[in-house]
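# Working through the structure, step by step
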Amino acid sequence: MREVWVGVPTEGTEVPARVDRILEALSEHEQVEATTHDDDVLHRVHDPALVEHLRTIHAEWAAGPYDEIVGQDRVVPYVFPTPAMSQGMPVTRAAATHGRAGQFGYDTMTLVGPGTWEAARAAVDCALTAVDLVTRGADTAYALCRPPGHHVTRQGYGGSCYLNNAAVAAQAFRDAGHATVAVVDLDAHHGNGTQAIFWERDDVRYGSLHVDPAAGWFPHYFGHAHETGDGDGAGATRNLPLAEGTGDGPWLEAVRVLADLASTADALVISLGVDAAADDPESPLQVTADGYAAAGRLLGSLGLPTVAVQEGGYHLDTIGPLVAAYLAGHDGA
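All figures in this text were calculated on a predicted structure; none of them were measured in a lab. (Residues numbered from 1 in each chain as written. Predicted model: local features only at pLDDT ≥ 70, side-chain atom pairs only at ≥ 80, totals over all residues. Heavy atoms only, no water.)

### Focus: the overall build of the protein chain
Scanning the protein chain from N- to C-terminus turns up twelve helices and eight strands. In summary, the protein chain has a C-alpha radius of gyration of 19 Å against a globular reference of 20 Å for 333 residues, a match within 12%. For the protein chain, the spread of C-alpha atoms along the principal axes amounts to about 55 × 45 × 40 Å. Taken across its 333 residues, the protein chain has 54% of its residues classed as buried. Long-range pairs, those at least 24 residues apart, make up 77% of the contacts in the protein chain with a sequence separation of at least 6. Here the protein chain has roughly 14,100 Å² of accessible surface; of this, 52% comes from carbon and sulfur atoms. Looking at charge distribution, the protein chain has the averaged site of its 18 positive side-chain charges lying 4 Å from that of its 45 negative ones. (Helix = DSSP H or I, 4+ residues; strand = E, 2+ residues; numbered from the N terminus. Rg over C-alpha atoms; globule rule 2.2 N^0.38 Å. Buried < 20%, exposed > 50% of the residue type's maximum accessible area, 1.4 Å probe, protein only. Contact = heavy atoms within 4.5 Å. Areas by Shrake-Rupley, 256 points an atom, 1.4 Å probe, with all protein chains shown as cover. Lys, Arg positive; Asp, Glu negative; His and termini not counted. Charge placed at Lys NZ, Arg CZ, Asp CG, Glu CD.)

Below you can see the structure in the form of structure tokens.
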């Protein structure tokens, strides 16, 4: 798995082995195969045009000359129809596949390759199956989603994410009759996509603790404390940016703040990124397994119907134990 960062091809860290390591650590937990769901909930979270683009763009690319000409078998955007380019002018759909590659993608890190669509769509089914289990009586269900999803907006993908599994789970809870849903994002990076999807809604509250984007961290443009929602959603978003090097103490204080935000909701979705851990190569935070277990106890003590959706976590030797620590804390609360 490769990505392009500041113009340089680099080895990706969002690799299939992440799933294997988590499964090894959760071998004593009951495992449930995901069931297939239609696109109904997915289309209420994402623009159907984005979904169709992801479904079809790699086949279009493979049918073109890109592998032969430049040796590139993955969809890599090089031009983006941003507001800086359009300045309010209507955007006409690009005729060339390589022009259309950047229509919905917003970075060069998130390539689309063979199997990307199938994996992303299966992750959505994992999230929806977890909601099904909870609405049928389980207290908590964990969705082992890969790829992660919290960077995907209604109309755009990036940050190694393609479809927003946490947002899908939150919408499914709403559809199941829960009047208010809280999304608590523990990933080391701000979930700009989840925030954007629910920015103007008060029925889904979004709270995130993450490394401060003002210190130079992805997603750079979002995740600041002044972002609190708009319209009907004014006040329903809470961001807690953290300094580089933040460890268990202040990290858990931030979790407590978000637990209070979630306490009056009717259901809870956890964006369970474990890349805030000390050994993770993708963030400068220093949270321990004990910290994750304590976070699980804090959020589990709310007693809400809960789905935990896997987000980040890229240190293969520790990702499984970190997920297991959080779930043990949550289940034992």
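Moving on, there is more to tell.
### Looking at the side chain of Asp-203
Its place among the elements puts Asp-203 in the loop between helix H9 (192–197) and strand E5 (204–211). Here Asp-203 falls in the buried class, since its relative accessible area comes to 13%. Of the polar contacts made by the side chain of Asp-203, one reaches the side chain of Arg-174; its length is 2.7 Å. Every residue in contact with Asp-203, bar those within four places of it in the chain, is listed here: Arg-174, Ala-179, Thr-180 and Val-181. (Polar contact = N/O pair within 3.5 Å; in protein donor to acceptor, adjacent residues only side chain to side chain.)

### A few points about the pattern of salt bridges
Under the counting rule described, the total for this entry stands at 14 salt bridges. Ionic contacts of the salt-bridge type, sharing partners, join the residues Asp-39, Glu-52, Arg-55, Arg-121 and Asp-125 into one network. (Salt bridge = Lys/Arg side-chain N within 4 Å of Asp/Glu carboxyl O.)

### Side note on the sheet that holds strand E4 (residues 181–185)
Strand order in the open sheet formed by six strands is E3-E8-E7-E4-E5-E6, with parallel pairing between adjacent strands. The sheet is open, and its two edges are formed by strand E3 (140–143) and strand E6 (237–242), each paired on a single side. With strand direction ignored, the average angle separating the axes of adjacent strands in the sheet is 15°. Of the pairings in the sheet, the one linking E5 to E6 comprises six bridges and is parallel in character. Counted as the bridge partner of Gly-207 is Arg-238 from E6. Where helix H7 (residues 116–135) meets the sheet, it contacts E3 and strand E8 (306–310), and its direction lies at approximately 170° from that of E3. Strand contacts of helix H8 (residues 165–175): E4, E5, strand E7 (267–272) and E8, with the helix running at about 175° to E7, the strand carrying the most contacts. (Pairing = 2+ DSSP bridges. Axes fitted to C-alpha atoms, helices over the stretch in contact; angles between N-to-C directions.)

### A word on helix H10 (residues 248–262)
Here H10 spans 20 Å end to end across 15 residues, near enough to the 21 Å set by a 1.5 Å rise per residue. Those residues of H10 lying buried are Trp-251, Leu-252, Ala-254, Val-255, Leu-258, Ala-259 and Ala-262. Taken end-on, H10 shows its buried residues confined to a sector of 155°, consistent with a single buried face. Looking at the buried side of H10, the elements it contacts are E4, E5, E6, E7 and helix H11 (289–300). (Expected span 1.5 Å × (residues − 1). Arc of directions from axis to C-beta.)

### Details of the side chain of Thr-246
Checked against the element boundaries, Thr-246 lands in the loop between E6 and H10. Only 2.6 Å separates the side chain of Thr-246 from the backbone oxygen of Ala-243, close enough to count as a polar contact. Apart from the residues within four sequence positions on either side, Thr-246 is in contact with Trp-251, Leu-285, Gln-286 and Val-287.

### Considerations on the packing of H7 against H8
Between H7 and H8, the shortest axis-to-axis distance is 9 Å and the interhelical angle comes to 35°. Seen along the crossing, H7 lies across H8 with a hand that is right-handed. Residues Ala-120, Ala-123, Val-124, Ala-127, Leu-128, Val-131, Val-134 and Thr-135 of H7 pack against Asn-165, Val-168, Ala-169, Ala-172 and Phe-173 of H8. For the contact of H7 with H8, the residue count by class is eleven nonpolar, two polar and no charged. (Left-handed = near helix turned anticlockwise from the far one by under 90°. Nonpolar A, V, L, I, M, F, W, Y, C, P; charged D, E, K, R; others polar.)

### Topic: the nonpolar core
Core analysis: the biggest nonpolar cluster contains 47 residues, and Leu-54, Tyr-157, Leu-163, Phe-173, Val-269 and Val-307 have the highest contact counts within it. Setting aside anything within four residues of it in sequence, one finds Leu-163 in contact with Leu-42, His-46, Val-51, Leu-54, Trp-117, Ala-120, Arg-121, Val-124, Pro-148, Gly-149 and Val-152. Counting 41 residues, the second largest nonpolar core, distinct from the first, contains Leu-26, Ile-270, Val-274 and Ala-295. (Core = buried A, V, L, I, M, F, W, Y, C linked by side-chain atoms within 4.5 Å.)

So far we have only geometry, and geometry alone does not tell us how the molecule works.
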